[in-house]
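Below, each chain spelled out in residue letters.
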Amino acid sequence: MDKKTSESIKRISQHLLKKPNGKVIFLVGAGISTSCGIPDFRTPGTGLYDNLAKLNLPFAEAVFDIDYFSENPKPFYTLAKELYPGNFEPSKFHYLLRLFQDKDRLQRVYTQNIDTLERSAGIKDEYIIEAHGSFAKNHCIECKKEYPLKVFKDKMLEGKEYARCKCKGLIKPNIVFFGENLPPKFFNSWEDDLDDMNEDHLVVVAGTSLAVYPFASLPIEVPSSVRRALINLEVVGDFKINPRKSDVVLECAIDEAAEQLARELGWNEELEKLIMDN
Ligand code: CNA
């Protein structure tokens, strides 16, 4: 870890230690799960968008395009099989989030991820906002009938036919596709959290290219009195376009940051134990 990054980690830990009642809001994306073996979208070479050629898509984002899905669900079903919850273990960073919860320092985790690894790490439902939905619930895209996880999973694993409703409509997990609305809970919770925020809070953005809206606008809306931090392999979004003097930027791998931050906070042993016990 270079000097600049370790100094930035110290700035974050000093903030947290100086303000023991201050809570943390995490805004996270695919980069917190790449070390678990789940590729992100946009990292050149390893990202999913670079690896979708085998699915013969007209354009990479078509895999999450609702109109394309209703015509050709195969690419999404193929991807869903790969990404399906249960196939992966949480990262060190996921467990660090859990430690923030256990120490009553967690306000919320807003995640763009659909892998549900925050839940696997033991973070409680009340803290998680799955901004782009998850596999937990499913519905028919025609008649809107709801289906439990098992129906979709069983059909998907059979692999012979697509999961279809009695009305013959396709069954799709409640993952937010391009052209679909985000869940109301996302907007309501963010409004509540904004109302609550004060200078003791810290907003940590991690593992996201901040390319997808409205999620990417959250860091912009953080009041200037509240400190923001970015942990990412590259500087992105508002941290790049409108950097604030008080921002803390860590250009490094997510698990490296988790380990170092835990050490600075004196949480290292607890973090290791949490990982061992799970
Ligand atoms: P993205 O656009 O692929 O960006 C990922 C960001 O994370 C990039 O800026 C990378 O540089 C950074 N990154 C990758 N690995 C690391 C690492 N080890 N340490 C630090 N930074 C890293 O992904 P976003 O989440 O920003 O895009 C939003 C999409 C991605 C959402 O709609 C998700 O549903 C979707 N997605 C989710 C998953 C998942 O659930 N795990 C996987 C792939 C895509």
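A brief structural summary. All figures in this text were calculated on a predicted structure; none of them were measured in a lab.

**Focus on the overall build of the protein**
Logical step 1: On a plain count of helices and strands, the protein comes out with 11 helices and 9 strands.
Logical step 2: Against the 2.2 N^0.38 benchmark of 19 Å for 278 residues, the protein shows a C-alpha radius of gyration of 19 Å, consistent with a compact globule.
Logical step 3: Projected onto its principal axes, the C-alpha coordinates of the protein cover approximately 60 × 40 × 35 Å.
Logical step 4: Relative to all contacts within the protein whose residues are 6 or more apart in sequence, the contacts with residues 24 or more apart total 68%.
Logical step 5: On the protein, roughly 13500 Å² of surface is accessible, and the fraction owed to carbon and sulfur atoms is 49%.

**What to know about unusual backbone geometry**
Logical step 1: Looking along the chain, the bond that leaves Y213 and enters P214 is cis, with omega of 10°.
Logical step 2: As for its position among the elements, P214 is in the loop between strand 7 (202–206) and helix 8 (218–221).
Logical step 3: Unusually for a residue other than glycine, T116 sits at a positive phi of about 55°.

**Some details on the nonpolar core**
Logical step 1: In this structure, I12, F26, F93, L96, F100, I231 and L250 are the most contacted members of the largest nonpolar core, which totals 36 residues.
Logical step 2: In this structure, L250 is in contact with T5, S8, I9, I12, L230, I231, N232 and A257, ignoring residues within four places of it in sequence.

**Some points on helix 7 (residues 184–196)**
Logical step 1: Between its first and last C-alpha, helix 7 extends 19 Å over 13 residues, near the 18 Å set by a 1.5 Å rise per residue.
Logical step 2: Taken together, the buried positions of helix 7 are F186, S189, W190 and D193. For helix 7, the arc enclosing every buried residue in end-on projection is 105°, short of the 170-degree limit, so these residues lie on one face. Seen from the open side of helix 7, the exposed residues pointing more than 90 degrees away from its buried face are P184, E191 and D195.

Definitions and limits used
- Each chain carries its own residue numbering, running from 1 in the written order of its sequence.
- Since the coordinates come from a predicted model, pLDDT governs what is reported: local features require at least 70, and pairs of side-chain atoms require 80 or more to be given and counted, while whole-chain, interface and lining totals use all residues.
- Only heavy atoms go into the side-chain values, all of them from the structure, while hydrogens and water stay out.
- Elements are defined by DSSP. Helices are runs of H or I of four residues or more, strands are runs of E of two residues or more, and each kind is numbered from the N terminus.
- Every radius of gyration here is taken over C-alpha atoms, with the globule rule written as 2.2 Å times N^0.38, N being the number of residues.
- Whether two residues are in contact is decided by their heavy atoms: any pair within 4.5 Å suffices.
- Note on areas: Shrake-Rupley, 1.4 Å probe, and residue coverage restricted to the protein chains presented here.
- Only buried residues count toward a nonpolar core, which is a set of Ala, Val, Leu, Ile, Met, Phe, Trp, Tyr and Cys residues joined through side-chain atoms within 4.5 Å.
- In this scheme, a residue with accessible area under 20% of its type's maximum is buried, one over 50% is exposed, and one in between is partly exposed, where area comes from a 1.4 Å probe on protein chains only.
- Expected helix span is computed as 1.5 Å times (number of residues minus one).
- This arc corresponds to the set of directions leading from the helix axis out to the C-beta atoms.

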